[in-house]
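# Coordinates in review
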Amino acid sequence: MSPKCERCDGPLVPVEYGMPIDDTPYRRHERREIYYTGGCMGPPAPWWCWSCERFADPEPRPSRSMTVEGYQLSLLNDMRGVSPSLPELPAPYDDPPEALAEEAAAWRSPDLLKIKDMAVILGEPVSGGPSLHRFALPLWPDFWLEHKSMNNGFWVEPESMEGVGDYVVDKRFVRRSGEPMRSADDMRPWSVLRTEAEAFFGWEPTRHPNMYYHVVPFELGGRPMEAYFVHDLLVQVSEPSES
């Protein structure tokens, strides 16, 4: 059964490649332009309401059955992909049960997450500015995880996307409390942000700020070192690998 429109309670038509699958009603709307919303040009709105002439996505993303623990484990998995050695973790993250591991994988679904649905699970975010939403996570009390959102693409009419919700397109850690780094001794995992290290050491700003991880070569006490950041949070400092 197709879902119902949240605005008019009418039936929704599936969307593929940015266009409604059933174009029979479209022939009665010859003057109506429906812009492309597939791929990278717009949010993943999989339904269209002909009565309201608008895209719709009533499905929660993520599912309301997901948890804060599952989301935190998904972030830890991002970090493990760059740095296998992480700070000592509390239960259940040190040995996650199978169900939690499966949930963490589901958080990395290719479907974009929606801020309004994440807020049901993670708690209401704090605004960090236009289209910036900051969530507090228990594993990182000194930092917010800031999510950047979009509510429509370049080729989508804003009124046709009204009510669909903001989609997450990027995330990074930002400082919530505590002092920014004041000495090289502060270069400890989960203690320093990439922007803080850049300011302290005088590094050139990255040319790729939207990458989810960065490896920055630098010198510490005259020794060549590498700093690994995931979502802009330091996760490892080590000597350069031979490879």
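Residues numbered from 1 in each chain as written. Predicted model: local features only at pLDDT ≥ 70, side-chain atom pairs only at ≥ 80, totals over all residues. Heavy atoms only, no water.

Contact geometry for helix H1 (residues 68–82) and helix H2 (residues 98–107): axes closest at 8 Å, N-to-C directions at 75 degrees. Classified by the angle their axes make, H1 and H2 are roughly perpendicular. The residues of H2 that touch H1, namely those facing Glu69, Gly70, Tyr71, Leu73, Ser74 and Asn77, are Leu100, Ala101, Glu103, Ala104 and Trp107. Within the contact of H1 with H2, the residues separate by chemical class into six nonpolar, three polar and two charged. (Axes fitted to C-alpha atoms, helices over the stretch in contact; angles between N-to-C directions. Helix = DSSP H or I, 4+ residues; strand = E, 2+ residues; numbered from the N terminus. Parallel < 35°, antiparallel > 145°, perpendicular 65-115°, else oblique. Contact = heavy atoms within 4.5 Å. Nonpolar A, V, L, I, M, F, W, Y, C, P; charged D, E, K, R; others polar.)

Turning our attention to the sheet that holds strand E3 (residues 47–49). Overall, antiparallel pairing links the four strands, which are arranged E2-E1-E3-E4 in an open sheet. Strands with a single pairing partner mark the edges of an open sheet, and in this sheet they are strand E2 (19–20) and strand E4 (54–56). Here strand E1 (residues 13–16) runs beside E2; their pairing, made up of two bridges, is antiparallel. By the bridge assignment for E2, glutamate 16 is matched with methionine 19. (Pairing = 2+ DSSP bridges.)

Evaluated as defined, the whole model comprises 10 aromatic pairs. Each ring, one from tyrosine 71 and one from tryptophan 107, has its centre 4.5 Å from the other, and the planes form 45 degrees; the classification is tilted. Taken as a pair, tyrosine 71 in helix H1 and tryptophan 107 in helix H2 lie far apart in primary sequence, 36 residues in all. A residue is classified by how much of its surface remains accessible, and tryptophan 107, at 5% relative accessible area, is buried. A centroid spacing of 5.2 Å and a plane angle of 10 degrees characterise the contact between phenylalanine 201 and tryptophan 203, whose relative ring orientation is stacked. Its relative accessible area of 24% is what places phenylalanine 201 among the partly exposed residues. Ring pairing ties together the aromatic residues Phe200, Phe201, Trp203, Phe218 and Phe229, which thus form one cluster. The aromatic ring of tryptophan 144 is capped on one face by arginine 176, whose charged end is 4.4 Å from the ring centroid. (Phe/Tyr/Trp six-rings, centres within 6.5 Å; stacked < 30°, edge-to-face > 60°. Buried < 20%, exposed > 50% of the residue type's maximum accessible area, 1.4 Å probe, protein only. Lys NZ or Arg CZ within 6 Å of the ring centre and 35° of its normal.)

Further remarks concern helix H5 (residues 194–201). For H5, the full list of buried residues reads Arg194, Glu196, Ala197 and Glu198. Packed against the buried residues of H5 are strand E8 (167–175), strand E9 (213–220) and strand E10 (223–230). Glycine 202 lies just past H5 and shows a positive phi near 75 degrees.

As a further point, take the pairing of strand E11 (residues 233–238). Counting buried residues along E11, five of its six residues qualify, which places the element largely inside the surrounding structure. Note: E10 against E11, five bridges, orientation antiparallel. Across the sheet, tyrosine 228 pairs through a bridge with glutamine 236, a residue of E11. Adjacent in sequence and paired antiparallel, E10 and E11 are bridged by two residues, among which histidine 231 carries a positive phi angle near 50 degrees.

Let us now look at the sheet that holds E11. Judged by pairing direction, the sheet is antiparallel, and its three strands sit side by side in the order E9-E10-E11 without closing on themselves. Two strands in the sheet have a free side with no partner beyond their single neighbour: E9 and E11. In this sheet, neighbouring strand axes are inclined to one another by 25 degrees on average, regardless of whether the strands run parallel or antiparallel. Against the sheet, H1 contacts E9, E10 and E11, and its axis sits at roughly 155 degrees relative to E10. Against the sheet, H5 makes contact with E9 and E10, and its axis sits at roughly 25 degrees relative to E9, the strand it touches most.

On to the side chain of aspartate 78, then. Of note, aspartate 78 is situated in helix H1. Only 3.4 Å separates the side chain of aspartate 78 from the side chain of arginine 108, close enough to count as a polar contact. Excluding residues within four positions of it along the chain, aspartate 78 makes contact with Arg108, Tyr212, Val230 and His231. (Polar contact = N/O pair within 3.5 Å; in protein donor to acceptor, adjacent residues only side chain to side chain.)

Turning to a nonpolar patch on the surface, a few remarks are in order. A cluster of nonpolar side chains, contributed by Met211, Tyr212, Tyr213 and Val215, occupies part of the molecular surface with about 330 Å² of accessible area. Mapped onto the fold, tyrosine 212 is located in the loop between H5 and E9. (Patch = residues over 30% accessible without salt bridge, like charges linked within 9 Å, V, L, I, M, F, W, Y side chains within 5 Å. Areas by Shrake-Rupley, 256 points an atom, 1.4 Å probe, with all protein chains shown as cover. Salt bridge = Lys/Arg side-chain N within 4 Å of Asp/Glu carboxyl O.)

With that settled, the discussion passes to helix H3 (residues 115–122). Most of H3 is tucked away, with six of its eight residues classed as buried. Of the residues making up H3, those classed as buried are Ile115, Asp117, Met118, Ala119, Ile121 and Leu122. Elements that come into contact with the buried residues of H3 comprise H1, H2, strand E6 (132–136), strand E7 (143–150) and E8. Once H3 finishes, glycine 123 follows within two positions and takes phi at roughly 95 degrees, a positive value.

These results come straight from atomic positions and should not be treated as a statement about function.
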